[in-house]
Every structure is written in C-alpha cells, then in structure tokens.
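Examining the three-dimensional arrangement
Listed here are the chains, written in short residue letters.
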Amino acid sequence: MSNSMAISLLFSLLFLNISISSAASNPTYQSLLQCLSQSINPSQNVSTILFSNTNPSYTSVLQAYIRNARFNTSSTPKPVIIITPLEESHVSAVVICSQKVGFQLKIRSGGHDYEGLSYVSDKPFFVLDMFNLRSISIDMTDESAWVETGATLGELYYNIWEKSNVHGFPAGLCPTVGVGGHLSGAGYGTLMRKYGLSSDYIVDAKIVNVDGKILDRKAMGEDLFWAIRGGGAASFGVVLAYKVKLVRVPETVTVFRLERLLADNATDIALKWQSIAPTTDENLFTRMLLQPVTRNRQRTMRVTVIGQYLGNADGVVALLSKDFPELGLKKENCTEMTWIDSVLWWANFDAGTPPTALLDRNVNDADFLKRKSDYVQTPISKNGLESLWQKMVELGNVGLACNAYGGRMDEIDDKETPFPHRKGNLYKIQYSVNWNEPGNETEMNRTSQAKALHEFMTQFVSKNPRRAYLNYRDIDIGVAENWSYEEGKVYGESYFAGNYERLVDVKTAVDPNNFFRNEQSIPPRTK
C-alpha cells in the first residue's frame, strides 16, 4: 500500500470513528436506536437505516430527493435524523418510536412536493424516507399492480411496459415523482380525459397507522381508504403500497406540439382552446402553455398547444380540422409512437431514448422554483386574454400551463374521492417560475411575480372557495400553526372544497392526537 493510500484510509477510519462517537453522544439518536433495536429483528443492524447529521452519508441521503433548490441551502432547517426503512416492519417501528422519543415525523417518497413539506420544518423533526421500499409487482391476469410508495412513476411505467405494450396507467408526466405523494394527492396526466385520475384506479392499499399497525383496505375501513385516495395520505399514516388497476392504451398514440406568437393567431387559438379542449373527443388530451418571450428584441407572448391522441395521426388531424381549425394541425406536425415512447416524449427525452431511461433516479441538479394553481370554470374572453398578455409581459418570468379537463373527469362524482375538481372545471392552471441564481433577492423577485399574476387572475378563476390542487402545494394559501379546524379550513377548502369536512372526520377517528402532520395537513376536530 502506498503512503498516500494509507493516509487516506487512516483519515477515512478517523472520520468514521468521529462520526460514530458523535452519534453515540447524541441522546436523541441513542433513544431512537434503542427503541428501534427492541422492535426490529436483532439480526438486522438498525444503525444502517439511521442517518444523524454526523453521519458521512447524511448530506447525500438528504439531498438525493430534494427537487426544489429553494430548500437545499445552508439555512434550510434539516432533520435531526433521516430514517430509511428496508422493510415494512421498520416503518411500523419508526412510527411507534418517533412518538416515544417525541419527534415529528415527515414522510418523503419522491421529494417533488413544491414547498418541501416532506423534508423541511421549523420544529425538530425526523424524515422517514421511503426510497428503499420501491418494489412493483404487475399481475396481468387481473390487469393490476402492487406498487410500493418509494417507487417512482418512471419505474411503474417501465414495469408495465415490460409486461405489455397495450397497457398504461393514468399518472404524471415527470418520471422521478414518487408514487406515494402522487397517488395520495390524486395524480393526473395525459390519460386524464379518457380515464380520470391516478387515485381513481386505487383498489387496495397498505398503511401503517398511528399505532404502528399495518392495515389493508378491509382492515382500515372505507372511510380511511377514501381519504388516502386524494386527501394527502401524510395526514393519516404512512402508506406502504397501493394496488392499482391498469388501463388499456392503443398500440399507436400520436403527439404534437404547435407554437404561435401574438403576431400570428395566438390569441384566437387561446380563446378557442378554452371551449374545445374540455369538450372534444376524450381520446385527446391537450395542454396549453402561455409564456412571455422575446422576439426581434420585442417582448411578446407565445401560445403552445401540446397534445396526445389515443390513436393515429389521421384520426387527430381529422378531429381537429373539424373541432379546432384555427390550430391548423397537419399530419406533418404529428408523430406516431407507442404509449411508452409518449411517456419519454412528454418527459423531454430525445427521440429514440430507450425506456430504461425511466429508471434513472439521479436527475440533474434541481432548479429553484415556485408553483401555484387555479381552476377555470368560465372561458376567459378575448379582452381578458389581451389583458393577461399585458400582465405576463410586464412581469416577465411567470408561465402558465393550462391542462384540459372534461371527458371522464365530468363523469366521476366530486365526492367519490377527496379530489373535488371534477364537472364544471374547464381546465386547471399551473403557475410556473424557475430560476438558477441562489439568493434572497432573486427568490423574492420571482415569487412576488407568481403572487402578482395569481392575484391578477382572481377575476377569471373559481370562487368561494378559490380552488387549488393539493399536489401543487402552495403555502401562500395558508398554513397550520396550531392545527385547528379553522386554520385547516383555509387551505382545506381550496384543495378539497366540500370534502374537507369528511377528511376532518376521518382524521379525528384515526389520529386524534395529530401525530401525522405537516404545515398543510388535515387537523382533527379535537385540536
């Protein structure tokens, strides 16, 4: 062994010894370790799933699933301990022991929650990170899958594709989103108008309740099963896995993307899209992007219509030549592909990228970002759109992504699951602003722009309550400090409308002491 290697090894051992001794001197770590050791099989070394801030791997484990750079700074509050269970029984033990030690438990699956609520808190807390629990079992005999909540959407799509090229699942467009948060908050994607939401296809689940018991649908009862299909499961327990029904997709789907500037007929397209996109054939999903851009040194607006049709190019061209001639869709604008290739296309992979890319969890460094949401129930007039263009150009950085509703979304009762935004909603808006430069000044500028545009849009969107989408977390709506019913009602009615009351009833029944909580969780009535 060379001298340099020997010195390097010596420093590594020294650092490891220091970190072990630091952990040993941490009373919280010791209390948790002792409690878990009494609950978990003695043959398993409990310390391998615990990461205190003195552990050399702590930072990399924490940062691996931070998808918003706003919450990856030196001043961001960090968990006292990160717990990374390897088995279901570990989760039960963690729930019991966290209560005994007296620490709040945050539950993280993919880390895509826009406000970092699964891994940030201003009170001392643990993070229960589910990333090791990611098994997926596809059963083609009954067209279903059991999916552990630490799996990603990309992994689910890949596993379905391995078994069938005519099956899919109606879920999101970003492959690194965790199944746990996505399905528990409803989940939607390009199959929404044909089939509905991700949560509409959950047929069973396994959850660890506040007593550490593992319950399936039968054991948990229909009220709790209802709540964790769109009501945000982190208010009620730790979901270990969901059983979902798969859906049929054709062998050929067609995608297209068309851009127009104001100098073209962008305003007319945006106007017509609002009435056609929610009412056209349910096999067609479209998203309209509204973005301020610079062309020839002049600020203007770009309107982009992105679509996916469950069928061939001739079919969608014929459909839109009748329903939406202003768009001018031609066959050469369209690309026919398999459903799995459309998943890659929407995720902005290059053409020809193999489906194995969906298994990659090591995404590039996360941007700084802010998101907000709204629902539109009456089309915005031409004058209204022109005033919106003026406001967006003036602000400069915020874009809007408008996702068409209608189809199957109009047919499911708004009380069927906690997700209430069904019939009567033409489309959902996601406000989107990203930036790369760290620092408070840029953050204040960009978040202020998002708030200003949201305020401007008040005249055009749903009212009483003004609706928002749970999976587009937005703490501007309101946060809980004491988890009172009235506090929760502020954001609860935005996310859940009339379903808030039933969610409070479920919470009161299953977690009356409010162990499972975050800044926008459902409060029990007893608080």
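Throughout, residues of each chain are indexed from 1 in the direction in which the sequence is written. Only residues with pLDDT of at least 70 are given local features in this predicted model, and only at 80 or more are side-chain atom pairs given and counted; all residues enter the totals for whole chains, interfaces and linings. In computing side-chain values, all of the structure's heavy atoms are included and hydrogens and water are not.

1. Some thoughts on the sheet that holds strand β5 (residues 136-139)
- Any two strands between which DSSP finds at least two bridges are classified as paired. The secondary structure listing takes helices from DSSP runs of H or I that are at least 4 residues long and strands from runs of E that are at least 2 residues long, numbered from the N terminus. Strand order in this open sheet of 5 strands is β5-β6-β10-β8-β9, and the pairing throughout is antiparallel. Single-partner strands in this sheet number two, and they are β5 and β9 (214-215).
- Where strand β8 (residues 202-208) meets β9, 2 bridges bridge the pair, whose relative direction is antiparallel. Residue pairing for β9: V208 is matched across the bridge by I214.
- Contacts between helix α5 (residues 153-163) and the sheet are confined to β5 and β6 (144-148), with β5 contributing the most and set at about 35 degrees to the helix. Any pair of residues with heavy atoms lying within 4.5 Å of one another is described as a contacting pair. As a rule, the C-alpha atoms of each element are fitted with a line to give its axis, helices using only the stretch in contact, and angles between N-to-C directions run from 0 to 180 degrees.

2. Brief notes about the pairing of strand β16 (residues 368-376)
- Note on exposure labels: buried denotes an accessible area under 20% of the residue type's maximum, exposed denotes more than 50%, and partly exposed covers the range between, all computed with a 1.4 Å probe on protein chains only. For β16, the tally of buried residues reaches 9 of 9 residues, placing the bulk of the element in the interior.
- Burial along β16 is two-sided: F368, K370, K372, D374 and V376 facing one way and L369, R371, S373 and Y375 facing the other are all buried.
- Alignment of β16 against strand β18 (residues 427-435), held across 9 bridges, turns out to be antiparallel. Looking at the pairing, L369 lines up with N434 of β18.

3. Things to note about the domain arrangement of the chain
- Source of the domain bounds: an automatic or database domain assignment. Each assigned domain of the chain is listed with its residue range as follows: domain 1 (27-129), domain 2 (136-249 + 473-510) and domain 3 (253-337 + 367-457).
- Each of domain 1 and domain 3 has a C-alpha centre, and the two are 38 Å apart.
- On the domain 3 side, the residues contacting the 6 residues of domain 1 number 9 residues.
- In this description, buried area is defined as the sum, over both parts, of the accessible area (probe of 1.4 Å) that is lost when the two are combined. The largest share of the area that domain 1 buries against domain 3 comes from A69, R70 and Y114, three residues that together contribute 73% of it.
- Whenever Lys or Arg places a side-chain nitrogen within 4 Å of a carboxyl oxygen from Asp or Glu, that contact is recorded as a salt bridge. On inspection of domain 1 and its partner domain 3, the count reaches 2 salt bridges.
- When the shortest N-O distance is used, the salt bridge between E115 and K370 registers 2.6 Å.
- Two N or O atoms form a polar contact when they lie within 3.5 Å of each other; inside protein one atom must be a possible hydrogen donor and the other a possible acceptor, and for residues adjacent in sequence the pair counts only when both atoms belong to side chains. If you look at where domain 1 meets domain 3, you find 6 residue pairs in polar contact (both at pLDDT 80 or more).
- Three classes are used, and their members are as follows: Ala, Val, Leu, Ile, Met, Phe, Trp, Tyr, Cys and Pro are nonpolar, Asp, Glu, Lys and Arg are charged, and the others, Gly among them, are polar. Here the side of domain 1 that touches domain 3 is built from residues that sort into 2 nonpolar, 1 polar and 3 charged.

4. Some remarks on unusual backbone geometry
- At the junction of N464 and P465, the peptide bond is cis and its omega measures out at 0 degrees in the coordinates.
- Here P465 lies in the loop between α14 (440-456) and α15 (485-496).
- For N348, which is not a glycine, the phi torsion comes out positive at approximately 70 degrees.
- Note on placement: N348 falls in the loop between α12 (339-346) and β16.

5. A short note on the side chain of K106
- As for its position among the elements, K106 is in strand β3 (residues 104-108).
- Here K106 falls in the buried class, since its relative accessible area comes to 2%.
- Reaching out from K106, the side chain makes a polar contact with the backbone oxygen of L117 at a distance of 2.8 Å.
- For K106, the contacting residues outside a window of four places in its chain are L117, S118, V120, S121, F125, F126, V127, L128, N518 and E519.

6. Re the state of the cysteines
- Working definition: a disulfide is two cysteine sulfur atoms within 2.5 Å of each other. Taken as a whole and judged by the stated rule, the model has 1 disulfide.
- Each sulfur in the disulfide pair C35 and C97 lies 2.1 Å from the other. With the S-S bond torsion at -80 degrees, the cross-link from C35 to C97 turns out left-handed. Note that C35 is positioned in helix α2 (residues 27-39) and C97 in helix α4 (residues 88-101), a separation of 62 residues in sequence. Each member of the pair, C35 as well as C97, carries the same accessibility label: buried.
- The structure places no disulfide on C402, whose sulfur is separated from the nearest cysteine sulfur, that of C174, by 20 Å.

7. Observations regarding the sheet that holds strand β2 (residues 81-83)
- Pairing is mixed across the open sheet formed by 4 strands, whose spatial order is β1-β2-β4-β3. Only two strands of the sheet have a single partner each, and these edge strands are β1 (50-52) and β3. Adjacent strand axes in the sheet meet at a mean angle of 25 degrees when their direction is disregarded.
- Relative to strand β4 (residues 125-129), β2 runs parallel, the two sharing 3 bridges. Bridge pairing in β4 links I82 to V127.
- Contacts between α2 and the sheet are confined to β1, β2 and β4, with β1 contributing the most and set at about 175 degrees to the helix.
- Along the sheet face, α4 touches β2, β3 and β4 and points at about 175 degrees away from the line of β4.

8. Brief notes about the pairing of β8
- Of all 7 residues in β8, 5 are buried, a share of seventy percent or more.
- Here β8 folds back onto β9, and the loop between the two strands holds 5 residues, one of which, G212, carries a positive phi near 80 degrees.

9. Quick look at the packing of aromatic side chains
- What counts as a ring pair is set by centres within 6.5 Å for rings of Phe, Tyr and Trp (its six-membered ring), and what kind of pair is set by the plane angle: stacked under 30 degrees, edge-to-face over 60, tilted for all other angles. Enumeration according to the criterion identifies 19 aromatic pairs in this entry.
- For the ring pair Y65 and F131, a centre distance of 5.5 Å and an interplane angle of 25 degrees mean the geometry is stacked. A residue pair is termed long-range when its members are at least 10 positions apart, and Y65 in the loop between α3 (58-63) and β2 and F131 in the loop between β4 and β5 qualify at 66 residues. The residues Y65 and F131 share a single accessibility class, namely buried.
- Consider the rings of W345 and W346, whose centres lie 5.4 Å apart with planes at 90 degrees: the pair is edge-to-face.
- We classify W346 as buried; its relative accessible area is 9%.
- Joined through ring pairs, the aromatic side chains of Y114, Y188, F419, Y469 and Y472 make up one cluster.
- Both a distance and an angle decide whether a charge sits over a ring: NZ of Lys or CZ of Arg must be within 6 Å of the ring centre and within 35 degrees of the ring normal. When the ring centre of W146 is taken as reference, the NZ or CZ atom of K206 above it lies at 5.9 Å.

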